[in-house]
Amino acid sequence: MKTNKLKIFLIAVLLLVTVFYVLSVRPLPDNIAYGVSFSKFHSDELELNWREVYLALLDDLKVRNFRFTAHWPMIEPENGKFNFSELDYQMNEARKRDASVILAVGRRLPGWPECHEPEWLKSEIQNQKSEIEAKKYKQERILKYIEMVANRYKSYENIKYWQVENEPYLAFFSRSLCGELDEEFLEKEIALVKKLDPTKPVLLTSSGEFDPWFQAYKRADVFGSSLYLYVWWKSGPFRYPITPGFFRIKQSLVELIYGKKPKILIELSTEPWLRRPIVGTPNEILLSRMGIDKFNEMIDFAGQTGFDTQYLWGAEWWYYMKIKQDQPEFWDRAQELFSE
């Protein structure tokens, strides 16, 4: 009896290994199209001149694929008063150079604290008579802000995709700041963007390490995954024990269930993951969390995942290290990538 159970167990393990092996076999791209995420928000955090950083990315590194974030507090700093000066500048300079843009809209967008709300919203929410009315008011204001952004930029031919929210199904990571995901409202956001600009696909994103991808993938026209290897866990710095095959398997699984769609690596981490602001952190700590060795490891790892389009996260930090810390190796390595 024990012998039969052992045989069954071994056969099951062998079958499982075979299935995962088959799923991991995917062609690797001959060439990878690189891009970067850029935001005024992150440049401000690093106490940099955001225009200077952006123009350096455009004209020194020659970046031609960008993801911009239309952070709500930047777009609507006062209730009903909209500011497009910073985003207009980014969009227009990109268009002059034929650079493509993924434009992200929504309440939850890249950059801690995940959910970005204007200060005026707090008092407006408090003025509502009930939690239900407060929720309704907030959602109406989010849709209005998205409408303003989409209408302003939908005629820009260099917008490649609209991104709606950021990793919306990764609830545990931001529950304390963002609350629970309202899937019905997410559908409304997607529908609004598609209605306002039916010519461009909608991108939805998921965590590469935690999220199983199925929910975002089935709703997206284009799917984007993040990729982080070096993070801060409860006990301190930590490297996820995964290989590039992990991402190839996940791509094959979602394709098997929902069919093939464009898939990109939307957030490849190439700056240190810290529990404190980068500015003021000693250089030795920054380099221990993301030295040039880890930077190159991230690039090499991502090159084996099967994604043919990859947007690097941390471009503002490369510039910070070059200008503020006299550590140009990250900028120089990126220059090699974008010249290939």
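About the criteria used
- Residues numbered from 1 in each chain as written.
- Predicted model: local features only at pLDDT ≥ 70, side-chain atom pairs only at ≥ 80, totals over all residues.
- Heavy atoms only, no water.
- Phe/Tyr/Trp six-rings, centres within 6.5 Å; stacked < 30°, edge-to-face > 60°.
- Helix = DSSP H or I, 4+ residues; strand = E, 2+ residues; numbered from the N terminus.
- Buried < 20%, exposed > 50% of the residue type's maximum accessible area, 1.4 Å probe, protein only.
- Lys NZ or Arg CZ within 6 Å of the ring centre and 35° of its normal.
- Salt bridge = Lys/Arg side-chain N within 4 Å of Asp/Glu carboxyl O.
- 1 Å grid on protein atoms, 1.4 Å probe; cavity = no way out; pocket = protein on both sides within 12 Å on 5 of 7 lines; lining within 4 Å.
- Points joined across faces, edges and corners; volume = space filled by probe spheres on them.
- Nonpolar A, V, L, I, M, F, W, Y, C, P; charged D, E, K, R; others polar.
- Arc of directions from axis to C-beta.
- Contact = heavy atoms within 4.5 Å.
- Pairing = 2+ DSSP bridges.
- Axes fitted to C-alpha atoms, helices over the stretch in contact; angles between N-to-C directions.
- Disulfide = S-S within 2.5 Å.

Peer 1: Before we move on, can you summarise the packing of aromatic side chains with the specific residues and values?
Peer 2: Applying the stated criterion to the full structure yields 28 aromatic pairs. The interplanar angle of 90 degrees and the centroid separation of 5.5 Å between the aromatic rings of Y228 and W273 together place this pair among those described as edge-to-face. Pair noted here: Y228 is in the loop between β6 (222-227) and β7 (230-233) and W273 is in the loop between β9 (263-269) and α12 (283-289), with a separation of 45 residues, a long-range link. Since its relative accessible area comes to 25%, W273 is described here as partly exposed. Here F238 and Y240 contribute two aromatic rings whose centre-to-centre distance is 5.8 Å and whose plane-to-plane angle is 90 degrees, an arrangement assigned as edge-to-face. According to the relative accessible area criterion, Y240 is buried, its value standing at 10%. One aromatic cluster in this structure is built from W213, Y217, F223, F246, F247, F301 and F307. Here the guanidinium or amino end of R95 rests over the ring plane of Y156, the centre of that ring lying 3.9 Å away. The ring of Y217 carries K261 above its face, with NZ or CZ at 5.1 Å from the centroid.

Peer 1: Could you give an account of the environment of N31, naming the residues involved and the relevant values?
Peer 2: Note on placement: N31 falls in the loop between α1 (2-24) and β1 (33-38). The exposure class assigned to N31 is exposed, which follows from its relative accessible area of 65%. Spatially, the C-alpha atoms of N31 and F307 are 9.9 Å apart, while their sequence positions differ by 276 residues.

Peer 1: Pulling in residues and values, what's your account of the pattern of salt bridges?
Peer 2: Any two side chains of opposite charge can pair if their charged atoms end up close together. A complete count under the given rule lists 21 salt bridges for this structure. Between K122 and E119 there is a salt bridge whose closest N-O contact spans 3.5 Å. An identical accessibility class is assigned to K122 and E119; each is exposed. With a shortest N-O distance of 2.9 Å, K200 and D197 are connected by a salt bridge. Classification of K200 by relative accessible area gives buried; the value is 10%. What makes D197 buried here is its relative accessible area of 3%. Look at the salt bridges and you will find they share partners, linking D59, E93, K96 and R97 into a network.

Peer 1: Tell me about the layout of surface pockets, and name the residues and values.
Peer 2: Reported here for the largest pocket is a volume of approximately 1,100 Å³. Secondary structure elements with two or more residues in the lining of the largest pocket: α2 (40-45), α8 (171-178), β7 and β9. Here the residues of the lining of the largest pocket are counted per class, giving 20 nonpolar, seven polar and nine charged. Of the volumes computed, that of the second largest pocket is approximately 410 Å³. If you go around the second largest pocket, you meet 22 residues; those closest to its centre are R107, C178, E180, L181 and D182. Among the secondary structure elements, those contributing two or more residues to the lining of the second largest pocket are α7 (131-153), α8 and α9 (183-196). Broken down by element, the residue count for the lining of the second largest pocket peaks at five residues, all from α7. In terms of residue class, the lining of the second largest pocket is made up of 10 nonpolar, three polar and nine charged.

Peer 1: Can you tell me about helix α15 (residues 329-339), naming the residues and giving the values?
Peer 2: When we look at burial in α15, the residues that qualify are F330, W331, R333, A334, L337 and F338. Across the axial projection of α15, the buried residues extend over an arc of 160 degrees, all falling on one side. Close packing links the buried residues of α15 with β1, α3 (50-59), α12, α13 (292-302), β10 (309-313) and α14 (315-324).

Peer 1: Lay out the sheet that holds β1 in plain terms, naming residues and giving numbers.
Peer 2: With respect to topology, eight strands assemble into a closed barrel ordered β1-β2-β3-β4-β5-β6-β9-β10, the strand pairing being parallel. Strand-to-strand twist in this sheet, taken as the mean axis angle between neighbours without regard to direction, amounts to 30 degrees. With three bridges connecting them, β9 and β10 associate as parallel partners. Pairing of S269 across the sheet is with W313, part of β10.

Peer 1: Break down the state of the cysteines for me, with residues and values.
Peer 2: Per the stated rule, a full pass over the model turns up one disulfide. In this model, C115 is linked to C178 through a disulfide, with the two sulfur atoms separated by 2.1 Å. Between C115 and C178, the S-S torsion sits near 125 degrees, and that sign places the bridge as right-handed. Taken together, the residues span a long stretch of sequence, with C115 in the loop between β3 (100-105) and α6 (120-126) and C178 in helix α8 at a distance of 63 residues.

Peer 1: Explain the environment of Y161 residue by residue, including any values.
Peer 2: As for its position among the elements, Y161 is in strand β4 (residues 159-164). Take Y161: its relative accessible area is 12%, and that puts it in the buried class. Separated by 61 residues in the primary sequence, Y161 and V222 place their C-alpha atoms 8.1 Å from one another. Discounting chain neighbours no more than four positions away, the residues touching Y161 are V101, I102, L103, P201, L203, V222 and I264.

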